Amino acid sequence: MSQTQGIIALGGAVVGLFALKSTIFTVEPGHAAIKFSKFTGVGSEIYKEGWHFKIPYFENPIIYNIQTKPRQIKASTANKDMQNVILTVRVLHRPYSDKLPYIYRTLGTDYDEKVLPSIVNETMRSVVAQYTAAQLLSQRDQVSFKIRSSLAERAELFKIAIDDVSITELTFGKDYLEAVEAKQVAQQDAERSKFIVEQAREAKKSIIIKASAEAKSIELVGKNALQNPAYLEIRKIEYAKEIGAILADSRNHIMLPSSILKMDATQSIN
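Conventions we followed
- In this convention, every chain numbers its residues from 1, walking through the sequence in written order.
- Note on the predicted model: pLDDT of at least 70 is required for a residue's local features to be given, and 80 or more for side-chain atom pairs to be given and counted; whole-chain, interface and lining totals, by contrast, use all residues.
- Working from all heavy atoms in the structure, the side-chain values ignore hydrogens and water.
- We count a stretch as a helix when DSSP gives it H or I for four or more residues in a row; a strand needs E for two or more, and each element gets its number in order from the N terminus.
- Burial classification: accessible surface area is computed with a 1.4 Å probe over protein chains only, and a residue below 20% of its type maximum counts as buried, one above 50% as exposed, and the rest as partly exposed.
- By definition, residues are in contact when any of their heavy atoms lie within 4.5 Å.
- Lines are fitted to the C-alpha atoms to define the axes, a helix being fitted only along its stretch in contact, and any angle between axes, read from their N-to-C directions, falls within 0 to 180 degrees.
- By definition in this entry, angles of less than 35 degrees are roughly parallel, angles greater than 145 are roughly antiparallel, angles of 65 to 115 are roughly perpendicular, and the rest are oblique.
- Two helices cross in a left-handed way if the nearer one is turned anticlockwise from the farther one by less than a right angle. They cross in a right-handed way if the turn is clockwise.
- Two strands are counted as paired when DSSP detects at least two bridges linking them.

### Notes on the side chain of S144
Here's step 1: Structurally, the position occupied by S144 is in helix α5 (residues 140-156).
Here's step 2: S144 sits in the buried class, given a relative accessible area of 11%.
Here's step 3: Every residue in contact with S144, bar those within four places of it in the chain, is listed here: V165, S166 and I167.

### Looking at the packing of helix α3 (residues 111-128) against α5
Here's step 1: Relative orientation of the contacting elements α3 and α5 amounts to 135°, with a least axis distance of 9 Å. Here α3 lies oblique to α5, going by the angle between them. Along this stretch, α3 crosses α5, giving a crossing that reads as right-handed. Of the residues in α5, those touching α3 at I119, V120, E122, T123, M124 and V127 are V143, K146, I147, S150, L151, R154 and A155.

### Quick word on the sheet that holds strand β2 (residues 31-37)
Here's step 1: Strand order in the open sheet formed by three strands is β3-β2-β5, and the pairing between neighbours is antiparallel. Edge positions in the sheet fall to β3 (41-42) and β5 (59-65), since each has one partner strand and no second.
Here's step 2: Bridge count for β2 against β3 is two bridges, and the pairing is antiparallel. Bridge pairing links F36 to V42 in β3.

Below, the structure written as structure tokens:
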């Protein structure tokens, strides 16, 4: 084979490879494709992963990612109490793989950008309006489930599947937060006032019990003094011992008259 023939053969091989490549398109795993023909428009056949043939120039593949994708959407709406609620949800979605021709005709390839923000906001507003602030906080899972159910119905009209919906952020407006804080302060003040009242009641009971005990003690001392005069002299000695014990612990030396100690050393007990 001459050099010229070799060059021609190489050029033919290159052209052949280029022509072959232009007639094949690849669909990656997790994707699906449809073809647009300049003769017949959007075809109805769905092409799954692998190599597929096309007619160069006349047919163009349109490839969709049919894997579940997350999208976060934020909305501000009013709840049942007409309080402002700021809600952020995470939506897992994907297109119906068998409805790709319909999706392409009606929405194009950026279907999620065109549809999801509007229907998610609409759904969140309709669901949140059914709950009070306390219910939104205590029944978060139920709210998520209801948003998912309603959103799945709306998205089905556009051939979009909703796999999951979760609330990632739930906050309230400034007015509500200030009202909650004021309520907490009022509750704390009420608890503090209740504690003070209980303390006063306990102090009152203690005073009454102490007064009753002292009155009973005085009554007993009076009876004993009438029945036995020497009882008073014994009490004087006991008082003197108590005073002496207190003075013994003191570092100061104190001289006290016997009258303060309630006894006379020269006096005998009858």
